[in-house]
Amino acid sequence: MPDFADLAALNDWLEERCVALWTEIPHAALMLLPPAFDGFVELSKRVSPTCLISFERNRYSVPASFAIALSVCGSIQNVLWSLPKDRSCANMCE
C-alpha cells in the first residue's frame, strides 16, 4: 500500500481501487432476489381444554366455544387470529 499525505488522499485512492475491483468482478454470477414474503401464516391447531392454542412457541387464549376442537389460526403482520375449523377466513370479522 502506498504512503499518503493525508486522509483525503487515502480516501481518493481507496475509491479508485474499489471502482477498479468492481469492474473486474463477473456480475453475471450474482443471485436473483427471492420473491417477497407477504407475511401471512395459517396453521390448523387443536384448542386445549383450557381454551389455549400454541402459536410460534406462545400460548394464546381463544373463546370457550373453540375448546377441544380444531381451529385455524393465522398471523398477518404480528396480528394473530383464530377461527373454528368450519368457518372461512372471509367470515373472520363477523
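Right, let's walk through the structure included here. Not measured: the values here are computed from a predicted model.

Scanning the chain for helices and strands turns up one helix and five strands. Of the regular secondary structure in the chain, the N- to C-terminal order runs α-β-β-β-β-β. The buried share among the 94 residues of the chain stands at 16%. Long-range contacts, defined as pairs at least 24 residues apart, comprise 30% of the intrachain contacts of the chain with a sequence gap of at least 6. Summed over all atoms, the accessible surface of the chain reaches about 7,800 Å², with 60% contributed by carbon and sulfur.

Before going further, it helps to examine the environment of Phe 66. Along the chain, the position of Phe 66 falls in the loop between strand S3 (58-61) and strand S4 (70-76). Along the backbone, Phe 66 and Ser 48 are 18 residues apart, and their C-alpha atoms lie at a distance of 8.8 Å.

Turning our eyes to something else, we now look at the packing of aromatic side chains. This structure, assessed with the given rule, holds one aromatic pair. Considering the side-chain rings of Phe 4 and Trp 13, the 5.5 Å spacing of their centres and the 50 degrees angle between planes classify their relative orientation as tilted. Judged by relative accessible area, Trp 13 falls into the partly exposed class, the value being 28%.

Turning our attention to unusual backbone geometry. Positioned with a positive phi, Cys 51 is a non-glycine residue whose angle comes to about 65 degrees. Structurally, Cys 51 can be placed in the loop between strand S1 (40-46) and strand S2 (52-55). One non-glycine residue, Arg 57, lies in the positive phi region at around 65 degrees. With respect to the helices, strands and loops of the structure, Arg 57 is situated in the loop between S2 and S3. A residue is classified by how much of its surface remains accessible, and Arg 57, at 86% relative accessible area, is exposed.

Calculation rules
Residues numbered from 1 in each chain as written. Predicted model: local features only at pLDDT ≥ 70, side-chain atom pairs only at ≥ 80, totals over all residues. Heavy atoms only, no water. Helix = DSSP H or I, 4+ residues; strand = E, 2+ residues; numbered from the N terminus. Buried < 20%, exposed > 50% of the residue type's maximum accessible area, 1.4 Å probe, protein only. Contact = heavy atoms within 4.5 Å. Areas by Shrake-Rupley, 256 points an atom, 1.4 Å probe, with all protein chains shown as cover. Phe/Tyr/Trp six-rings, centres within 6.5 Å; stacked < 30°, edge-to-face > 60°.

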